[in-house]
Amino acid sequence: MTNSDNTLESIPADQQGSFSSFLKTLASFTGDLSSLTCPSFLLAPASLLEYSSYWADQPSLLCDIGKSSDPEERFFAAFKWFISSLNGSFSSRVPKGEWEKKPFNPILGEQYLVEWEDKTRIVCEQVSHHPPVSGFYIENKEAGVVVNGHDGQKTRFSGTQMLIDQIGHCTLKLSDRDETYLFTLPSISVNGIWYAAPYVELYGSSFVQSSTGYFAHIEYTTKGWISGEVHHFKASVSHDSFSTPAIIEGQWTGKSVITKDKKSKEFFDLSGMNKPTPIVKPVEEQNEWESRRVWKKVSDALRVGDYATASTEKSVIENQQRAARKERDANKDKWSPVYFKSVPGEDIYGELRTQLMKKADSKFIDTMGEGGWTFKH
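What you see is a predicted model, and the numbers here were worked out from it, not measured in a lab.

Asker: Go over unusual backbone geometry, please, and point to the residues and values.
Answerer: Residue P131 is bonded to the preceding H130 through a cis peptide linkage, with omega at 0 degrees. Its identity as a non-glycine residue notwithstanding, D178 has a phi of 50 degrees, on the positive side.

Here it is as structure tokens:
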């Protein structure tokens, strides 16, 4: 018996019909998959909004970026932080021995607030529901570092894969150095859905442009039928001071090597890094818009395998949101986020997008959008 057979046999009896219907819908569906209802046993007991906090998965790496007096060293430190955020967002958050599961679609205005012991904090808010967009803001005042960004998703189905384009970007600013970095986002493929054993890979390209002139083009690939490795990336880093680009290659979940001036050495190793525990208020102390309070009944039911209750409670929340949206439309009320405001993209990243696009090759696909969401100070 194969692992796929074992996984399929583990589907709860009361969910098998729902899973079969889900697959049939996927096979013929065209358009945005975010509108589809996922069987409850494939749901994670957390909101997608929480996933924005993985940008700060390794706060020490974030705080180290501005320490060096060398702009090249700062760029490579920022690159390491970005790789760690990919690992946190798409790999290390999945418990060992478990498969990927679908998080809840955040409700409009949902909030997720986190701190770490080193005084790094992140504020996440669902700033749009149609299309779904999450805004996030990270800061550590002592380290003089601020991250501002937003992330939306456009999903589609191709063959046996769910493909997700991340729509958005983030900027990292070193306030003590008047230095800014712009990061674009890679695309995601979710495989194994047909066997009820989903897992995530990254594909395509993302780019990094700094105000100090450093530029990186990162390509993501995975293991093929014959060769290669999972979670693979290869980055080309250029600057006017480089005679040839530096190449960084390895796994965004583990080790990587840098080759510069024909000399190679270890660049980064995530495999031995401990993840600090994020500090989140107990649910009873949270306001009514905070993620874990909003979804508590659904999450509690999922954790004990009560999929019928999870489905019922999830529907209650979704129906309340539809009614609230209908009332806003009827009263012509304009909803505004608590923590973020919509601004032109140039107000956030200045000329960095223009510089990035000039240096990017034909593989660049503009998923940044025209605007952005900035934190209200």
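Asker: How would you summarise helix 4 (residues 71-92) if you had to cite specific residues and measurements?
Answerer: Helix length check: helix 4, at 22 residues, gives a terminal C-alpha distance of 30 Å against a target of 32 Å (1.5 Å per residue), a fit within 8%. In terms of burial, helix 4 is a largely internal element, 17 of the 22 residues being buried. Here helix 4 starts with a cap whose side-chain oxygen sits 2.9 Å from the backbone nitrogen of E72, and that cap is D70.

Asker: Explain the confidence of the model for the protein chain to me, and be specific about the residues and the numbers.
Answerer: When pLDDT is low, close inspection of the predicted coordinates is not appropriate. Per-residue confidence for the protein chain gives a mean pLDDT of 89; residues scoring 70 or more make up 89%. Within the model, the stretch residues 1-6 combines pLDDT values under 50 with three contacts to residues more than four positions away or in other chains.

Asker: Talk me through the packing of helix 6 (residues 296-303) against helix 7 (residues 307-331); I want residue IDs and the actual numbers.
Answerer: Running from N to C, helix 6 and helix 7 cross one another at 165 degrees; their axes reach a closest spacing of 8 Å. For the element pair helix 6 / helix 7, the angle class is roughly antiparallel. Of the two possible hands of crossing, helix 6 and helix 7 adopt the one that is left-handed. When helix 6 is examined against helix 7, the residues K297, V298, A301 and L302 are found in contact with a partner set consisting of Y307, T309, A310, E313, K314 and I317. Taken together, the residues of the contact of helix 6 with helix 7 break down into six nonpolar, one polar and three charged.

Asker: Run through the nonpolar core, naming residues and quoting values.
Answerer: Core analysis: the largest hydrophobic core is formed by 56 residues, its most contacted members being F79, W81, L172, F183, F233 and I248. With sequence-adjacent residues up to four places away left out, F79 is seen in contact with A216, I218, F233, A235, I248 and F267.

Asker: Break down the packing of aromatic side chains for me, citing the residues and quoting the values.
Answerer: For the structure shown, the criterion picks out 19 aromatic pairs. On the numbers, 5.2 Å between centres and 70 degrees between planes, the contact of F207 with F364 is edge-to-face. Taken together, the residues F207 in strand 10 (residues 199-210) and F364 in the loop between helix 9 (352-359) and strand 17 (371-375) connect sequence positions 157 residues apart. Seen from the ring of F267, K80 lies directly overhead, with NZ or CZ sitting 5.0 Å from the centre. Over the ring of F242 we find K260; its NZ or CZ atom is 4.7 Å from the centre of that ring.

Asker: Pulling in residues and values, what's your account of the environment of R156?
Answerer: As for its placement among the helices and strands, R156 is situated in strand 6 (residues 145-158). As for R156 and S189, which are separated by 33 residues in sequence, their C-alpha atoms are 9.8 Å apart.

Asker: Which residues make up the side chain of H217, and what are the values?
Answerer: Mapped onto the secondary structure, H217 falls in strand 11 (residues 215-221). Look at H217 and you get buried, because its relative accessible area is 11%. Of note is the side chain of H217, whose polar atom sits 3.0 Å from the side chain of S205.

About the cut-offs
- Residues numbered from 1 in each chain as written.
- Predicted model: local features only at pLDDT ≥ 70, side-chain atom pairs only at ≥ 80, totals over all residues.
- Heavy atoms only, no water.
- Helix = DSSP H or I, 4+ residues; strand = E, 2+ residues; numbered from the N terminus.
- Expected span 1.5 Å × (residues − 1).
- Buried < 20%, exposed > 50% of the residue type's maximum accessible area, 1.4 Å probe, protein only.
- Polar contact = N/O pair within 3.5 Å; in protein donor to acceptor, adjacent residues only side chain to side chain.
- pLDDT = per-residue confidence, 0-100.
- Contact = heavy atoms within 4.5 Å.
- Axes fitted to C-alpha atoms, helices over the stretch in contact; angles between N-to-C directions.
- Parallel < 35°, antiparallel > 145°, perpendicular 65-115°, else oblique.
- Left-handed = near helix turned anticlockwise from the far one by under 90°.
- Nonpolar A, V, L, I, M, F, W, Y, C, P; charged D, E, K, R; others polar.
- Core = buried A, V, L, I, M, F, W, Y, C linked by side-chain atoms within 4.5 Å.
- Phe/Tyr/Trp six-rings, centres within 6.5 Å; stacked < 30°, edge-to-face > 60°.
- Lys NZ or Arg CZ within 6 Å of the ring centre and 35° of its normal.

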